[in-house]
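# Observations on the model geometry
Here's the letter readout for the chains.
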Amino acid sequence: MTVCAIDVRTTAPFAIAADGSYAARLAGEGEARYAERWTLAGAEAYAVPLPLAQPEEADSELLALTDGRVLIHRRVADRHAFALLYPTGAEAGPRTGELQLGSVEAEEGLRVRLLPPCPDGLGAFALAVSDSGTTVWQVAGGAFGEVARVPGRCSGGVWLDRAGRLLALDRELEGTVKAVAVDLGRGGEVSPLLQIAEASDDRLLLADPDSGLLLIRSDAPGEPRLGWGVLGSTRPVRFPECLRLEEEATPFAVQPGQALMPETCGVALRVGEAGLALWRPADRHVFRLGAPAGWLGGTGLWTPEGRLHLPYATPEAPCGILGMTLPAAPPPPVRLDPPPAAAAAPRPVPLQQALGVPTR
């Protein structure tokens, strides 16, 4: 589908709302940047510019909310400021409204960034990281302020539930990175989430609350590998050989709505700078596909029905969404030689014998 024109020269990330209804990005280039909101619901997507009297800095962050407003994070002098932008009508024509929310003091060595959209669609959170620890701030959808303090330097940020209460962070302590779960409903209570090996770096990349599917990167196998597991399962994390690609693969979207069926979830991966691959745990096969020209930020959104939507912008189609589905997995290889004769069923081996422990 094609819609109204936008500036295709910007390479700013494309931030999609939790329910896929809206998205936001920085349009323009150089010193003439402005926020832009995309409406994705309906038959055709369209973009609405949200310029202000003063252009935005290229490092400003945007987050689309499900009510159509756009959260912006700016570095302003000695603070990190947060505000909501929205289109508003006026006699002189469309204008941009702005609602200031609050700010975080920009201390030396402090890094502040927005977390992924909260699953409730209206709440928004930011991560403030320093050498002394990590603070989670609520910056929209509730009272502005700190909601959790986590010892250690944290990165990542993945929501584990639909309520926006459980947040997974990759925490570095004593030189090792482990994913932990932070319960924002209990004052930031921290509990272990990934512990594949004692000395391994275990990061959580994506999670699907419906099926419990977790996408993980860990060096427990001897080198950094992409793997998958299931939240709350006692089965170990699996590292499929098909995910060992020549270029680094990063999952960016998981198919929702597959309750209790993690193996059936479609997973979209960005491969290298602009490559695209689709994968499903049950298939054990990765499909390398051509990404659309002008693909924005290596982002996209799965529908529960299994259709992947990718935003793109080219001179011929300056604002559009490409839809695709996961191809069918190839059939297993056919054996040409006759199968071996069936062997007698083996006698069950007691656990002690199987482990080489003498029995009495």
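Below: a short report on this structure. (Residues numbered from 1 in each chain as written. Predicted model: local features only at pLDDT ≥ 70, side-chain atom pairs only at ≥ 80, totals over all residues. Heavy atoms only, no water.)

## Overview of the sheet that holds strand E1 (residues 15-16)
- Taken in spatial order, the four strands make up an open sheet running E1-E2-E3-E4, and their pairing is antiparallel. Because the sheet does not close on itself, it has two edges, and the strands there are E1 and strand E4 (46-50).
- Relative to E4, strand E3 (residues 34-39) runs antiparallel, the two being bridged by five bridges. When the sheet's bridge partners are listed, Ala35 is paired in E4 with Leu50. (Pairing = 2+ DSSP bridges. Helix = DSSP H or I, 4+ residues; strand = E, 2+ residues; numbered from the N terminus.)

## Some thoughts on the sheet that holds strand E12 (residues 145-150)
- If you trace the four strands from one edge of the open sheet to the other, you get E9-E10-E11-E12, paired in antiparallel fashion. Lying at the two open borders of the sheet, with one neighbouring strand each, are strand E9 (111-114) and E12. Here the average twist between neighbouring strands, direction ignored, is 25°.
- Where strand E10 (residues 124-130) meets strand E11 (residues 133-140), seven bridges bridge the pair, whose relative direction is antiparallel. Considered in E11, the bridge of Leu127 is made with Val136. (Axes fitted to C-alpha atoms, helices over the stretch in contact; angles between N-to-C directions.)

## A few points about the side chain of Glu56
- Within the secondary structure layout, Glu56 lies in the loop between E4 and strand E5 (61-64).
- On the accessibility criterion, Glu56 (7% relative accessible area) is buried.
- In this structure the side chain of Glu56 is engaged in a polar contact, spanning 2.7 Å, whose partner is the side chain of Arg74.
- Not counting residues up to four positions away in its chain, the partners in contact with Glu56 are Leu26, Arg33, Tyr34, Ala35, Ile72 and Arg74. (Buried < 20%, exposed > 50% of the residue type's maximum accessible area, 1.4 Å probe, protein only. Polar contact = N/O pair within 3.5 Å; in protein donor to acceptor, adjacent residues only side chain to side chain. Contact = heavy atoms within 4.5 Å.)

## A short note on the packing of aromatic side chains
- With the rule as written, the count across this model stands at five aromatic pairs.
- An aromatic cluster is defined as three or more aromatic residues linked by ring pairs; in this entry it consists of Phe82, Trp137 and Phe144.
- If you follow Arg238 out to its NZ or CZ, it ends over the ring of Trp228, 4.1 Å from the centre. (Phe/Tyr/Trp six-rings, centres within 6.5 Å; stacked < 30°, edge-to-face > 60°. Lys NZ or Arg CZ within 6 Å of the ring centre and 35° of its normal.)

## Looking at the environment of Pro256
- Relative to the assigned elements, Pro256 resides in the loop between strand E20 (249-254) and strand E21 (267-271).
- For Pro256, a relative accessible area of 16% translates into the label buried.
- Taking C-alpha positions, Pro256 is 7.5 Å from Ser211, a pair spaced 45 residues apart along the chain.

## Quick notes on the pairing of E5
- As paired strands, E5 and strand E6 (residues 70-76) are joined by four bridges and run antiparallel to one another. Each bridged residue has a counterpart across the sheet, and for Ala64 the counterpart in E6 is Val70.
- Where E5 folds back on E6, the antiparallel hairpin that results is connected by five residues, among which Gly68 adopts a positive phi of roughly 95°.

## Looking at the pairing of strand E13 (residues 153-159)
- Where E13 and strand E14 (residues 166-173) come together, five bridges link them in antiparallel fashion. For Cys154, the partnering residue across the bridge sits in E14 and is Arg171.
- Hairpin connection from E13 to E14: six residues lie between these consecutive antiparallel strands, with Gly164 at a positive phi of about 75°.

## Some thoughts on the environment of Gln138
- You can see Gln138 is positioned in strand E11.
- Look at Gln138 and you get buried, because its relative accessible area is 15%.
- Residues Gln138 and Ala124, 14 residues apart in the sequence, show an inter-C-alpha distance of 6.1 Å.
- Ignoring any residue separated from it by four or fewer positions in sequence, one finds Gln138 in contact with Ala124, Phe125, Ala143, Phe144, Gly145 and Val147.
- In terms of polar contacts, Gln138 uses its side chain to reach the backbone carbonyl oxygen of Ala140, at 3.2 Å.
- A polar side-chain atom of Gln138 sits 3.5 Å from the main-chain carbonyl oxygen of Gly141.

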